[in-house]
Amino acid sequence: MSGRQGVDLGVIALPWRAREFYVTLACLAVLLAAFTFGLVAGSSRMGVGDVWATLLGSGTRSFEFIVFELRLPRVSAAIGVGLCLGLAGALTQTFSRNPLATPDILGVTSGASAGAVTAIVIGGGGYSVGASLLGFGIPVVATAGGLIAAAIVYGLSWRQGVDSFRLILIGIGATAILGGLVNYLLVRAQLTQVTAATQWMVGSLSGVSWASVWPMVVVLAVMLPLALSQSAPLTINQLGDEFSTALGVAVQRHRLLVIVAAVVLTSAAVSAAGPVEFVAFVAPQVARRLARTPRPPLLASALVGAALVLLADVSARVAFGTEIPVGIVTALIGAPYLIWLITRPNLKERA
Amino acid sequence: MTHSVLTAALAAEAATLGYDDHVVFSGLDLHIEPGTVTTLIGANGCGKSTLLKAFGRLLTPSAGSIRLEGTPLRRLSARAVARRLAILPQKPLTPGATTVRDLVMRGRHPHQRLLRPWTAEDAAKVEAAIDATGMTELADRDVGSLSGGQLQRAWIALVLAQDAPTILLDEPTTFLDLSHQLEVLRLVRTINARHGSTIVMVLHDLSLAARYSDRLVVLHQGRVLADGEPWQVITPEVLATAFGLDALVIADPASGRPLVVPLEPTGAHEGAARAPAAAVGGPARPDGASDAGRPGTEPSRGLPLRVGYPS
C-alpha cells in the first residue's frame, strides 16, 4: 500500500502518481519529436541525422548557419511561447477552479493588445510587422500594457483579500473595456496600421530572433520553479479557501504568487509572439484529460502547450508554404483535439 | 482564570467577532477543555459557526484574542495552527477525478516538508485515517461517486489524517439521514476516546447533541446563554429563550440523556395531529424533529456566513 502511494529516494520523498509521470514523459517525447521535425522542415534539405549532428557540434558551416541562425530561434520561440502559455493557463484555470479561465481574464492579454495596438497606430507602424517592429518597441509596450492591466484588475478585486470569482468578473469587465479601446483605435487607424496591428493580435512567430527568446528563457527559469512550488497549495485550494486555510495554506500569499506567475509568463509569451490564441485554454485541459488528474498538471500542461505551438507553427510552414500566423493554426489544431477528448465515448470521467 | 486560559485547548478572551458591518459577539469569554467533546447549539444566526470559524482561524477577532493551547492564534503561522487544529468547514468543495485516498492525502499538507513532502509516515497516517472511518473498501473510489454519508466520512478521514489534537466540525451531520448522523457522531466519540482529541462541533439536533457531547454551549444574541453538561443546559427555560421553543425535556430511555419533545402552541392541536405526517412527507431535514413545533422560525437575520465559494 505504501509503495503505491509514495517513492522515497532519501533526500527526496514524493507521492507517486504513475499516470501523471508517464504522461509527462510522453509529452516530453512528443515535444522532442516536434523539435526535430521543426528543425528538419524548411526550404533547404536537411535530414534528421544532419540536424542532430549540427546540434551536437559536428555539422557543416552552412548547416550550422541554417540551424542556429534561421531555424532554432523560431523553434525555440515556439517552445517558449507554448511553455509559458500552457503553464499560465494551468495556473489560472486551477486557482479559479474554472476551465474557462485563461490568463486573458487577468487582463494581461487585452492590456498587452491595447498597448501594442496603441503603439502601432500612434507610432505610425510599418507596412508589415517586420523584425524591426517585433524585435524592439512593440514587445516593451505590450509587456507594460499587460502588466498595468493585470495590476489594475488585481487591485480592483482586492477586498480583504482577493476572491477568485470577483477577480474573474472584474477581469472580464477590464477585457471588454480594453477590447473596445483596441477596436476604436483600429477604426481610426490607417489601413497599413490596421494590417500590422491585426497581424500582431493574431499571434505570429514570423521574424522572431534570439532577442525574443531570451526573455522567455529568463522568465521560465524563475517562474517554472515558483509555479511548481505552489503545486501542493493549488491542489489543496480545490477544497475551497476555508479548507485551504484550515490545512495551513496562506491563501492570499499563495494566490498572489500564482497570479504573478501567470501574468509574467503570459506577458513574456505575448511580447514574443503576440497573443497566440487558445493555447492557454486548450493545453491544460488536454494535459488534465491525458493524465486524469483532479486539476491540470503543471509540467504536462506546459509541455502540451509547447508541442501545440511548435507543431502548429511547423505545419503552417510545411503545409501552406506561406506565413500563416501560428495563432490561427493553434486554434485549428487544438480545438478539434480538445473536442474529441471531451466527446469520445467510454470516457469514465465527466467533463 | 489566567491559569485556565493557558491550559484550555481553545480559549476566547474578550473576543469581539463579526463581519464587515455587524458584530456577532463582543467581549466573549469561553474555554474549551482538552479531551472533551463540546457542542455549540443555538438558533439560526446565533453565531455558532462564527465562533467556530474564529476558533479555527478562519475569522480574525476585531478585539480580544483566541488562544490555541495557550498561544494567541495571531502569533502562529497558518501551518503551525494546522498541525494542532483541524477544521472541517460546513461546505467543502468536492474536487473532480479524485479518489478517496487522494482526498485524504491532502490532510497531510501541514506536515509536509519541502524536499520530502510524502514519507512512509504520511502514508501510514492516511491509511490509519481511512481505516478508522471505515473507508478502506472505498479508498480507490472517486469521491464524486460516494453517497452523502460516505462522503462525510471521507472528509472526516481527511481531518483525521491531519493528526491534530483539536478538531472542529461545522455541522458534520447536515444533509445526512438519521442513521448516518448517528454513524458520524459515534465516529466522533470514537476519535475522542481513542486519541483523546478535543472536539468542538456545531449541531442542530438538540437531542443528538445532548446524547453525544460532554458539554453543551448555548449561544443566544451574542452571548453564552447556558453552558455545562447536557442536563444542566437542556431545560425548558433555556429552550424557550434560545429557540422560542415550548418543549418538554425527558430522559432519553436509551441513553439517559435529555431528550427534547417540542410542544405545539396552545390552540394548535389540530395542526399537531397532522405534524408528524407533514414531517415524514417533507424534505429530509436532520433537525426536522426539533423544529416541528417552533412557533416563529426567525427569518434569516443576516446569514452569518459570507458565501465564500464561487461555484
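The structure under discussion appears in the preceding block.
What you see is a predicted model; the values in this text were computed from it and never measured. (Residues numbered from 1 in each chain as written. Chains lettered and ligands numbered in written order. Predicted model: local features only at pLDDT ≥ 70, side-chain atom pairs only at ≥ 80, totals over all residues.)

### Concerning the pairing of strand 11 (residues 247-251) of chain B
Residues and elements named next belong to chain B.
Moving on, step 1. Where strand 11 and strand 12 (residues 258-262) come together, 5 bridges link them in antiparallel fashion. Following the sheet pairing, A251 is matched in strand 12 by P258.
Moving on, step 2. Hairpin remark: strand 11 followed by strand 12, antiparallel, with 6 residues in the connecting loop; positive phi at G256, about 80°. (Pairing = 2+ DSSP bridges. Helix = DSSP H or I, 4+ residues; strand = E, 2+ residues; numbered from the N terminus.)

### Some words on the interface of chain B and chain A
Moving on, step 1. On the chain A side, the residues contacting the 34 residues of chain B number 31 residues.
Moving on, step 2. Looking at the side of chain B that touches chain A, the elements with two or more residues in it are helix 3 (78-84), strand 6 (85-88), helix 4 (100-105) and helix 5 (120-132) of chain B. (Contact = placed C-beta atoms within 7 Å.)

### Structural notes on the pairing of strand 10 (residues 223-228) of chain B
All names here are of chain B.
Moving on, step 1. Looking at chain direction, strand 9 (residues 215-220) and strand 10 are connected through 5 bridges and run antiparallel. Bridge pairing in strand 10 places H220 opposite R223.
Moving on, step 2. Where strand 9 hands over to strand 10, the hairpin turn is made up of 2 residues, of which Q221 adopts a positive phi near 45°.

### Some points on the sheet that holds strand 5 (residues 71-72) of chain B
Residue and element names in this part refer to chain B.
Moving on, step 1. Strands sit in the order 2-1-4-5 across an open sheet of 4 strands; the sheet is antiparallel. Looking at which strands have only one partner, the edges of the open sheet turn out to be strand 2 (23-32) and strand 5.
Moving on, step 2. Bridge count for strand 1 (residues 10-18) against strand 4 (residues 63-68) is 5 bridges, and the pairing is antiparallel. Following the sheet pairing, T16 is matched in strand 4 by A63.
Moving on, step 3. Sheet contacts for helix 2 (residues 48-55): strand 1, strand 2 and strand 4; angle to strand 1, the most-contacted strand, approximately 120°. (Axes fitted to C-alpha atoms, helices over the stretch in contact; angles between N-to-C directions.)

### Considerations on the packing of helix 4 (residues 61-95) of chain A against helix 15 (residues 298-320) of chain A
Residues and elements named next belong to chain A.
Moving on, step 1. Close contact between helix 4 and helix 15 brings their axes to 7 Å; oriented N to C, the two are set at 140°. What the angle tells us is that helix 4 and helix 15 run oblique. Here the hand of the crossing between helix 4 and helix 15 comes out right-handed. Taking contact as the criterion, the partners of V75, A78, I79, V81, G82, L83, L85, G86, L87, G89 and A90 in helix 4 are, on helix 15, L298, S301, A302, V304, G305, A306, A307, L308, V309, L310 and D313.
Moving on, step 2. Residue composition of the contact of helix 4 with helix 15, grouped by class: 16 nonpolar, 5 polar and 1 charged. (Parallel < 35°, antiparallel > 145°, perpendicular 65-115°, else oblique. Left-handed = near helix turned anticlockwise from the far one by under 90°. Nonpolar A, V, L, I, M, F, W, Y, C, P; charged D, E, K, R; others polar.)

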